[in-house]
Amino acid sequence: MTKQQANWSPYDNNGGSCVAIAGADYCVIAADTRMSTGYNILTRDYSKISQLADKCVMASSGFQADVKALQKVLSARHLIYQHQHNKQMSCPAMAQLLSNTLYYKRFFPYYAFNVLGGLDNEGKGCVFTYDAVGSYERVGYSSQGSGSTLIMPFLDNQLKSPSPLLLPAKDPVTPLSETEAVDLVKTVFASATERDIYTGDKLEIVIQIASGIRREYMDLRRD
């Protein structure tokens, strides 16, 4: 008789996909609302998008318990910042704070894969993409989550971000208008939902512009 050993992991992967696209004066952040574990759907209406500051929004996939803990830490740090500086944190500052917070936990990481989007100090759209231990980069567009391997090639084909090795450095913002970017996000999610069982149910889109944020929703496949 073979000896069976019980295994327990502190982590789970609740699936889902996130996308962010930066434009000249806007940023589009989107995520689906399905939360799963294994072959079970836990809920069809769970928002993966969190507003961290007036001009900064984060979308996170991975282990949603860790994501919630991470959001609480960032919210507390942002509150302290507001009391000390009497202003909201800018998106690039929040990007650095998120990197530091993830790196601080590198030996027992938050199992969260984040994209941060918003507007920088000049009013341009900015997107920051992360791994689980805080390594980050400013890009024109990015995707994280279970459907990212399907979504990223599509975005690369449509948007062709300039190489960071080019000199002089090119602006990473995408040439699309706000409406075109929203339509592109809807297309990539409709496509990813066909192939990825962890992405589906509903798409939540947050459009960040200088005057504030706007939300749009679109139904996805529910099977």
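All values reported here derive from a predicted model rather than from experimental measurement.

A. Spotlight on the sheet that holds strand 7 (residues 112-119). Pairing within the open sheet is antiparallel, and its 5 strands lie in the order 5-6-7-8-9. Because the sheet does not close on itself, it has two edges, and the strands there are strand 5 (49-53) and strand 9 (136-139). Within the sheet, the average angular offset between the axes of one strand and its neighbour, ignoring direction, is 25°. Bridge count for strand 5 against strand 6 (residues 56-62) is 4 bridges, and the pairing is antiparallel. Residue pairing across strands places A53 opposite C56, the latter belonging to strand 6. Each of strand 5, strand 6 and strand 7 is contacted by helix 1 (residues 64-85), which is oriented at about 155° to strand 6, the strand it contacts most.

B. Structural context of the nonpolar core. Within the largest apolar cluster, 21 residues are counted, with the highest numbers of intra-cluster contacts made by L70, L74, M94, L98, L116, F128 and Y130. Elements with a contribution of two residues or more to this core: strand 5, strand 6, helix 1, helix 2 (91-104), strand 7 and strand 8 (125-130). With 6 residues, the single largest contributor to this core is helix 2. Residues A30, A181, V182 and L220 belong to the second largest nonpolar core, which totals 20 residues.

C. Quick peek at the pairing of strand 11 (residues 202-209). With 6 of its 8 residues buried, strand 11 lies for the most part within the structure. Across 7 bridges, the pairing between strand 2 (residues 26-32) and strand 11 is antiparallel. When the sheet's bridge partners are listed, Y26 is paired in strand 11 with I209. With 8 bridges connecting them, strand 11 and strand 12 (residues 212-219) associate as antiparallel partners. Its bridge partner being in strand 12, I205 is matched across the sheet by E216. Here strand 11 folds back onto strand 12, and the loop between the two strands holds 2 residues.

D. Region of the structure containing helix 2. For helix 2, which comprises 14 residues, the first-to-last C-alpha distance of 20 Å matches the rise-based estimate of 20 Å (1.5 Å per residue) to within 8%. Listing the buried residues of helix 2 in full gives C91, M94, A95, L97, L98, S99, T101 and L102. On the buried face of helix 2, the contacting elements are strand 5, strand 6, helix 1, strand 7, strand 8 and strand 9.

E. Molecular detail of the sheet that holds strand 1 (residues 17-22). The strand order across the open sheet formed by 5 strands is 10-1-2-11-12, and the pairing between neighbours is antiparallel. In the strand order of this sheet, the two ends are held by strand 10 (141-145) and strand 12, each with one partner. Sheet twist, expressed as the mean angle between neighbouring strand axes with direction ignored, is 15°. Pairing of strand 1 with strand 10, which is carried by 5 bridges, proceeds in the antiparallel orientation. Each residue of the ladder has a partner; that of S17, found in strand 10, is G145. On the sheet, helix 3 (residues 148-159) packs against strand 1 and strand 10 and is oriented at approximately 170° with respect to strand 10.

F. Highlighting the packing of aromatic side chains. A full pass over the atoms with the stated rule returns 6 aromatic pairs. Their ring planes at 85° and their centres at 6.5 Å tell us that Y11 and F63 sit as a pair that is edge-to-face. Of the two residues, Y11 sits in the segment before strand 1 while F63 sits in the loop between strand 6 and helix 1, which places them 52 residues apart along the sequence. Since its relative accessible area comes to 26%, Y11 is described here as partly exposed. Ring geometry for Y11 versus F108: centroids 5.9 Å apart, planes at 65°, classification edge-to-face. On the criterion of sequence distance, the pair formed by Y11 in the segment before strand 1 and F108 in the loop between helix 2 and strand 7 is long-range, its members being 97 residues apart. When the ring centre of Y110 is taken as reference, the NZ or CZ atom of K105 above it lies at 5.0 Å.

What counts and how
Residues numbered from 1 in each chain as written. Predicted model: local features only at pLDDT ≥ 70, side-chain atom pairs only at ≥ 80, totals over all residues. Heavy atoms only, no water. Pairing = 2+ DSSP bridges. Helix = DSSP H or I, 4+ residues; strand = E, 2+ residues; numbered from the N terminus. Axes fitted to C-alpha atoms, helices over the stretch in contact; angles between N-to-C directions. Contact = heavy atoms within 4.5 Å. Core = buried A, V, L, I, M, F, W, Y, C linked by side-chain atoms within 4.5 Å. Buried < 20%, exposed > 50% of the residue type's maximum accessible area, 1.4 Å probe, protein only. Expected span 1.5 Å × (residues − 1). Phe/Tyr/Trp six-rings, centres within 6.5 Å; stacked < 30°, edge-to-face > 60°. Lys NZ or Arg CZ within 6 Å of the ring centre and 35° of its normal.

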